[in-house]
Amino acid sequence: MKSSAISERPAKPAARKTLSREAWIAAAIATLEKKGIANVKIDHLSRQLKVTRGSFYFHFKNLKDLLDSLLEQWRQRNCKPFEALIDQEVIDGPAYFDAVTGVWISEDPFSPRLDLAIRDWARSSAVIARKVQAQDDFRMALLVRAFAAMGYDDDESLIRARITYFQQIGYYATHFKEPPADRRRFRSLYTKILIGSE
């Protein structure tokens, strides 16, 4: 007589969880933004993502490979939009000024949090500091071009560019919160004050 009990097959072992390279980078960026570069470590991220170190090494050679990927994300999101403006002929100074400042205001793809996180990283790395300084110089040079096209001399173009740039960095560094609608509403007034005309 056959047993009425249904024999159960042994449970299959759970498949090892393997995250995508993009998921690791996203987690590393979130950690960089919230806790700083000192906390972007393989073990820390593995525990956070609940995966083994093997998942990390499936996508990256080592920690430096991951850190280089973070820098590339910063370059793609926060540097390339400005670099795309260098080839534009500056005929209308205010319009060019609007294009440069628009990169910050639209925040698409520019990320203020990532920019600040990279800037903070630069305090402990001379290599990163040089990259940040080069990008700062580049962005301010774009603003100088805008002011020069408005007819300001070299010195005044430089100082107006610095004021504009430092104001923008301060906007993020102080974690100033403002409804998007208000920011759009005040944009023309900021522009009027910064460029010295309507």
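All values derive from a computational prediction rather than experimental measurement.

Undergrad: In this structure, what is going on with the packing of helix 1 (residues 21-35) against helix 6 (residues 112-121)? I would like to understand it.
TA: Two measures define how a pair of helices packs: the angle their axes make with one another and the distance between the axes. The interhelical angle for the contact between helix 1 and helix 6, taken along N-to-C directions, is 70 degrees, at an axis separation of 9 Å. Here helix 1 lies roughly perpendicular to helix 6, going by the angle between them. Handedness of the crossing formed by helix 1 with helix 6: left-handed. Mapping the contact onto sequence places Ile29, Leu32, Glu33 and Lys34 in helix 1 and Arg113, Leu114, Ala117, Ile118 and Trp121 in helix 6.

Undergrad: Just to check I follow, could you spell out a nonpolar patch on the surface for this structure?
TA: Residues Leu158, Ile159 and Ile163 make up a contiguous nonpolar surface patch of about 240 Å² in total accessible area. Following the sequence through the fold, isoleucine 163 ends up in helix 8 (residues 154-173).

Undergrad: For this particular structure, what's the right way to read the UniProt feature "DNA-binding region" (unreviewed entry) in the protein?
TA: Sites flagged by UniProt as "DNA-binding region" (unreviewed entry) map to residues 41-60. This span, residues 41-60, is 75% helix and 0% strand, and a straight line between its end C-alpha atoms measures 13 Å.

Undergrad: Could you clarify how one ought to interpret unusual backbone geometry in this entry?
TA: With the exception of glycine, most residues fall at negative phi, and the peptide bonds are largely trans. Geometrically, the link from aspartate 108 to proline 109 is a cis peptide bond, its omega value of 15 degrees lying close to zero. The residue proline 109 is located in the loop between helix 5 (93-106) and helix 6 in this model. Even without a glycine there, the phi angle at glutamate 107 is positive, about 50 degrees. By the secondary structure assignment, glutamate 107 is in the loop between helix 5 and helix 6. We classify glutamate 107 as partly exposed; its relative accessible area is 36%.

Undergrad: Honestly, the packing of helix 7 (residues 126-149) against helix 8 in this entry has me stumped. Any pointers?
TA: At a closest axis distance of 8 Å, the pairing of helix 7 and helix 8 adopts a crossing angle of 125 degrees. With respect to each other, helix 7 and helix 8 are oriented oblique. Handedness of the crossing formed by helix 7 with helix 8: right-handed. Contacts between helix 7 and helix 8 involve Asp136, Arg139, Met140, Leu143, Val144, Phe147 and Ala148 from the former and Ser157, Leu158, Arg160, Ala161, Arg162, Thr164, Tyr165 and Phe166 from the latter. Its residues assigned to classes, the contact of helix 7 with helix 8 comprises nine nonpolar, two polar and four charged.

Undergrad: When you look at helix 1 in this model, what are you seeing that I'm missing?
TA: Two residues of an α-helix separated by three or four positions point the same way, owing to the 3.6 residues in each turn. Along its 15 residues, helix 1 runs 21 Å from first to last C-alpha, staying within 8% of the 21 Å computed at 1.5 Å per residue. Trp24, Ile25, Ala27, Ala28, Ile29, Thr31 and Leu32 are the residues of helix 1 that are buried. Contacts from the buried residues of helix 1 go to helix 2 (42-49), helix 3 (53-59), helix 4 (63-83) and helix 6. Backbone geometry just downstream of helix 1 places glycine 36 in the positive-phi region, at approximately 90 degrees.

Undergrad: Even after reading the chapter, I still don't get helix 9 (residues 180-195), so can you show me in this structure?
TA: Its 16 residues place the ends of helix 9 22 Å apart at the C-alpha level, agreeing with the 22 Å of an ideal helix rising 1.5 Å per residue. Taken as a whole, helix 9 carries its principal kink of about 40 degrees at phenylalanine 186. Within the sequence span of helix 9, burial applies to Arg183, Thr191, Leu194 and Ile195. In the core, the buried residues of helix 9 are packed alongside helix 5, helix 7 and helix 8. Glycine 196, located one to two residues past helix 9, shows a positive phi value of around 80 degrees.

What counts as what
- Residues numbered from 1 in each chain as written.
- Predicted model: local features only at pLDDT ≥ 70, side-chain atom pairs only at ≥ 80, totals over all residues.
- Heavy atoms only, no water.
- Axes fitted to C-alpha atoms, helices over the stretch in contact; angles between N-to-C directions.
- Helix = DSSP H or I, 4+ residues; strand = E, 2+ residues; numbered from the N terminus.
- Parallel < 35°, antiparallel > 145°, perpendicular 65-115°, else oblique.
- Left-handed = near helix turned anticlockwise from the far one by under 90°.
- Contact = heavy atoms within 4.5 Å.
- Patch = residues over 30% accessible without salt bridge, like charges linked within 9 Å, V, L, I, M, F, W, Y side chains within 5 Å.
- Areas by Shrake-Rupley, 256 points an atom, 1.4 Å probe, with all protein chains shown as cover.
- Salt bridge = Lys/Arg side-chain N within 4 Å of Asp/Glu carboxyl O.
- UniProt positions renumbered as here; feature names shortened; annotations may be inferred.
- Buried < 20%, exposed > 50% of the residue type's maximum accessible area, 1.4 Å probe, protein only.
- Nonpolar A, V, L, I, M, F, W, Y, C, P; charged D, E, K, R; others polar.
- Expected span 1.5 Å × (residues − 1).
- Bend = angle between axes of the 7 residues up to and from the residue.

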